[in-house]
Amino acid sequence: MINIQDKRKCCGCTACASVCSHHCISMVEDAEGFKYPQVDAEKCVNCGLCEKVCPMLHPESDNEVHNVIGAKHKDAAVRKASSSGGAFSLLAEEFIANGGVVVGCAMDENLQAKHIICTNIEDLVRLRSSKYVQSNMDGVYPQVRTMLREGRDVMFSGTPCQVAGLRRFLVKPFDNLYCIDVLCHGVPSPKLFREYKEVMEAKYKAKANFVSYRSKKKEWKRLYINLKFDNNKEYFKSATFDPYMQLFLGNMSQRSSCFHCPFTTTKRHGDISLGDFWGIGRNHPDLDDDKGISMILLNTTKGEELFSRIKYDIISFESNINQAIAGNKVLIENITGEVKRNHFYADYVSEGLQCALEKNTIKYSPLKQSYIRFMRLSLDLLRKITHKGY
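Enquirer: I keep staring at the overall build of the protein chain and nothing clicks. Help me out?
Expert: Helix and strand counts for the protein chain stand at 14 helices and 13 strands. Against the globule reference of 21 Å for 390 residues, the protein chain gives a C-alpha radius of gyration of 21 Å, in line with a compact fold. In terms of overall dimensions, the protein chain has C-alpha extents of about 65 × 55 × 40 Å along its principal axes. The proportion of buried residues among the 390 residues of the protein chain is 54%.

Enquirer: When you look at the pattern of salt bridges in this model, what are you seeing that I'm missing?
Expert: Pairs can form between side chains of opposite charge once their charged atoms are near each other. The full count for this structure, using the stated rule, is 16 salt bridges. A salt bridge links Asp 271 to Arg 167, with the shortest nitrogen-to-oxygen separation between them at 3.2 Å. You can see Asp 271 sitting in the loop between helix H8 (243–249) and strand S11 (272–276) and its partner Arg 167 sitting in helix H6 (residues 160–170), a full 104 residues away along the chain. For Arg 167, a relative accessible area of 27% gives the class partly exposed. A salt bridge links Lys 217 to Glu 234, with the nearest nitrogen and oxygen atoms 2.9 Å apart. Within this pair, whereas Lys 217 is found in the loop between strand S8 (208–212) and strand S9 (224–229), its partner Glu 234 is found in strand S10 (residues 234–238), the two being separated by 17 residues in sequence.

Enquirer: What is the right way to read the pairing of strand S12 (residues 294–298) from this model?
Expert: Two faces, one strand: in a regular strand the side chains alternate between the faces of the sheet. The element S12 is extensively covered by neighbouring structure, given that 5 of its 5 residues are classed as buried. The side-chain alternation of S12 yields two buried faces, one formed by Ser 294, Ile 296 and Leu 298 and the other by Met 295 and Leu 297. As paired strands, strand S3 (residues 67–73) and S12 are joined by 5 bridges and run antiparallel to one another. Across the sheet, residue Gly 70 finds its bridge partner in S12, namely Met 295. Where S11 lies against S12, 5 bridges are found, and the strand directions are antiparallel. Residue pairing in the sheet places Gly 275 in a bridge with Met 295 of S12.

Enquirer: Would you take a moment to explain the sheet that holds S3 for this structure?
Expert: Either a parallel or an antiparallel arrangement is found when strands of a sheet pair, and the pairing is made through backbone hydrogen bonds. With respect to topology, 8 strands assemble into an open sheet ordered S5-S4-S6-S7-S11-S12-S3-S13, the strand pairing being mixed. With one partner strand each, in any of the chains shown, strand S5 (113–118) and strand S13 (314–318) form the two edges of the open sheet. For this sheet the average axis-to-axis angle between neighbouring strands, irrespective of direction, equals 25°.

Enquirer: Just to check I follow, could you spell out a nonpolar patch on the surface for this structure?
Expert: A contiguous nonpolar patch, built from Tyr 371, Phe 374 and Met 375 and spanning about 330 Å² of accessible area, is present on the exposed surface. Counting through the fold element by element, Tyr 371 comes out in helix H14 (residues 366–386). Under the relative-accessibility criterion, Tyr 371 is labelled partly exposed at 46%.

Basis of the calculations
- Residues numbered from 1 in each chain as written.
- Predicted model: local features only at pLDDT ≥ 70, side-chain atom pairs only at ≥ 80, totals over all residues.
- Heavy atoms only, no water.
- Helix = DSSP H or I, 4+ residues; strand = E, 2+ residues; numbered from the N terminus.
- Rg over C-alpha atoms; globule rule 2.2 N^0.38 Å.
- Buried < 20%, exposed > 50% of the residue type's maximum accessible area, 1.4 Å probe, protein only.
- Salt bridge = Lys/Arg side-chain N within 4 Å of Asp/Glu carboxyl O.
- Pairing = 2+ DSSP bridges.
- Axes fitted to C-alpha atoms, helices over the stretch in contact; angles between N-to-C directions.
- Patch = residues over 30% accessible without salt bridge, like charges linked within 9 Å, V, L, I, M, F, W, Y side chains within 5 Å.
- Areas by Shrake-Rupley, 256 points an atom, 1.4 Å probe, with all protein chains shown as cover.

Scope: geometric values only; no functional claims are made or implied.
Structural data, given as structure tokens:
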């Protein structure tokens, strides 16, 4: 029987609840807004399946990074709508064009993150761009298993723990399953974003109908959050000045398990791993136009085969694991700052969102914001003059 005594040891992937044929495990939201398995002991027959499929108890993987590729989509519009270089869009479009199904994270009509199943190219736009919140996975693993058993090719994308959870849930490997894991900085609470959105809706006096945590209206290297509302008003703010993004980038809003993640390793569960190729300007300044570059890690022969399908439709170059790690420490290191995180959530649970934000985030004056923007522009100009990329 799965029994979570230490929340740091549960990633919330839903593998345990999904595998239980007696339906005695429910995913229940705690006071912080994260879901954990709750077992109905009267129904449980102690078969032990829930523990066997738990990726946190069995995090090992035989996959190792084979190749590191830097890439960007040839279509600037696609890159603008994507978090980095648009590589996922090409992979997903090609997969569906050949009769496959793509499963990934999207925002629903209430701007809550959830995994959806895409069977046509038009739906794929919902999977673009990063979602800095943990997605709802309820019922997804069984649906994927059904499609695999029917012989359908399935591409599943998610955080490393979600991919590992799917593989453990399936028990056996499927030749028609292709997995993509994203380089992950941890997942914030769905409840936290839900309440943040409500605060913004009250401020703008309308329902929010769109969110981009990684808007590239201005640039790629610095993060901006963008919300749009039913009354046609819009909120666009640098992550430095937005409280929700301050929490995320300061490692204060993530799940407890993210600070003890066993998947921060070059032994990946995905056939392909995708992320931003940070630092690309230092080694390939000619390719860095500040519109986004994808980093593609090819971890299996299936991953190499997937990439071979798109390599002639994408601008790409070979790199190496050292450059990949230099720009993405989450490949080998967990996020830090768990004490600050616990302080924030203690304030959040006991005093509510507004008080927790006042205590744990910085409110910049308009003058201070202008000063920071000026200093950034000056730094960018200096780098351009001295030909030093990021």
